[in-house]
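Take a look at the letters that make up each chain.
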Amino acid sequence: SQQGEEDPQALSIQEGENATMNCSYKTSINNLQWYRQNSGRGLVHLILIRSNEREKHSGRLRVTLDTSKKSSSLLITASRAADTASYFCATDAAVTGGGNKLTFGTGTQLKVEL
Amino acid sequence: DTEVTQTPKHLVMGMTNKKSLKCEQHMGHRAMYWYKQKAKKPPELMFVYSYEKLSINESVPSRFSPECPNSSLLNLHLHALQPEDSALYLCASSWLAGGRSGNEQYFGPGTRLTVT
């Protein structure tokens, strides 16, 4: 079953604008991760935020986490056409013996137009 | 080398065929994963291997049979699949964190499987 919901489901913006995607999840978490997926290809890790962090930055990306509301947001500033992709949040849980289990949200399809 | 490779890129198989998907990584990761992704849906975890041992099977039907022959290779053997098994199959790997969560996963490009 899916852990989280993301909204919006789809977002279309002009190049140079900012894009904000929101993720809500259901259970307590240790960490939350964001991934990007270009059409029909593998996922690329963007950023991880731990449950004791409220905000994290990486280049043009800013992620916030509100554990009291069980929600996170991903902001992409000064978007480019190359940012066109699907974006997923994922909660992770440790697996006995090692590794971690990712449970993905429903995803936001971002289209950045020239 | 931070790449996870998957072969084949595309696979078309009949319901009576037996085929295998292959995944390889040379990053020294000791956790490897199989995910299934249907169109316009998020990836869903199928299996987790840790130290070449199966840690998680997410109630996947037995027509999917994973195998981890060594720390760099992960296979998914397919037999008697159904048309609804058509999907993108993604392999991933990660470091182990001593039982703690919080590691990023590195994904391969996937195998697009069509069952006819």
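Thresholds applied
- Residue numbering note: each chain is counted from 1, following its sequence as written.
- Whichever chain is written first becomes A and whichever ligand is written first becomes 1, with later ones labelled in order.
- Per-residue local features are limited, in this predicted model, to residues with pLDDT of at least 70; the limit for side-chain atom pairs, both in listing and counting, is 80 or more; totals at the level of whole chains, interfaces and linings are taken over all residues.
- In computing side-chain values, all of the structure's heavy atoms are included and hydrogens and water are not.
- Count a disulfide wherever a pair of cysteine sulfur atoms falls within 2.5 Å.
- Strands are runs of DSSP state E lasting at least two residues, helices are runs of H or I lasting at least four, and both sets are numbered from the N terminus onward.
- Here a residue-residue contact requires only that any non-hydrogen atoms of the pair lie within 4.5 Å.
- Note: buried area is the sum, over both parts, of the accessible area (probe 1.4 Å) each one loses when the two are combined.
- Should a side-chain nitrogen of Lys or Arg be within 4 Å of a carboxyl oxygen of Asp or Glu, the pair is scored as a salt bridge.
- Here a polar contact is recorded for every N or O atom pair within 3.5 Å, except that within protein the pair must consist of a potential hydrogen donor and a potential acceptor, and residues adjacent in sequence are included only if both atoms are side-chain atoms.
- Each residue is assigned to one of three groups, with Ala, Val, Leu, Ile, Met, Phe, Trp, Tyr, Cys and Pro labelled nonpolar, Asp, Glu, Lys and Arg labelled charged, and all others, Gly among them, labelled polar.
- Here, any two strands with at least 2 DSSP bridges between them count as paired.
- Axis definition: a line fit to C-alpha positions, over the contact stretch in the case of helices; interaxial angles, taken between N-to-C directions, run 0 to 180 degrees.
- Categorising residues by exposure relies on relative accessible area from a 1.4 Å probe, with only protein chains included: less than 20% of the type maximum marks a residue as buried, more than 50% marks it as exposed, and the intermediate range marks it as partly exposed.

Asker: Before we go on, may I ask you to explain the state of the cysteines in this structure?
Answerer: A covalent bond between the sulfur atoms of two cysteines is referred to as a disulfide. All names here are of chain A. A full pass over the atoms with the stated rule returns two disulfides over all chains. Across the disulfide, Cys23 is cross-linked to Cys89 (sulfur-sulfur distance 2.0 Å). The disulfide joining Cys23 to Cys89 has a torsion of about 70 degrees about its S-S bond and is therefore right-handed. One end of the pair, Cys23, is in strand E3 (residues 19–25); the other, Cys89, is in strand E9 (residues 85–94), with 66 residues separating them in the sequence.

Asker: Which parts of the structure should I look at to understand the interface of chain A and chain B?
Answerer: Accessible area lost on assembly of the parts is the figure often given for the size of an interface. Taken together, the 29 residues of chain A in the interface contact 30 residues of chain B. Of the roughly 2,100 Å² buried between chain A and chain B, counting both surfaces, carbon and sulfur atoms make up 53%. Summed over the shared surface of chain A and chain B, the result is one salt bridge. Between B:Glu58 and A:Lys101 there is a salt bridge, with the nearest N and O atoms lying 2.9 Å from each other. Where chain A packs against chain B, one counts seven residue pairs in polar contact (both at pLDDT 80 or more). For the side of chain A that touches chain B, the class distribution of residues is nine nonpolar, 16 polar and four charged.

Asker: Sorry if this is basic, but what is going on with the sheet that holds strand E8 (residues 71–76) of chain A here?
Answerer: By definition, the strands of a sheet pair up through backbone hydrogen bonds, in either a parallel or an antiparallel sense. Residue and element names in this part refer to chain A. The strand order across the open sheet formed by five strands is E1-E3-E8-E7-E6, and the pairing between neighbours is antiparallel. Looking along the sheet, the strands with just one partner apiece sit at the ends: strand E1 (4–7) and strand E6 (55–58). Put simply, the sheet's adjacent strands are angled 15 degrees from each other on average, direction ignored. Pairing analysis gives four bridges linking E6 to strand E7 (residues 61–66), with the strands arranged antiparallel. The partner of Lys56 across the bridge, within E7, is Val63.

Asker: What is the right way to look at unusual backbone geometry in this model?
Answerer: In this model, A:Asp7 is joined to A:Pro8 through a cis peptide bond whose omega is 0 degrees. Phi angles above zero are rare outside glycine, and B:Lys40 is one such case at about 60 degrees. Residue placement: B:Lys40 occurs in the loop between strand E4 (31–37) and strand E5 (44–50). For B:Lys40, a relative accessible area of 75% translates into the label exposed.

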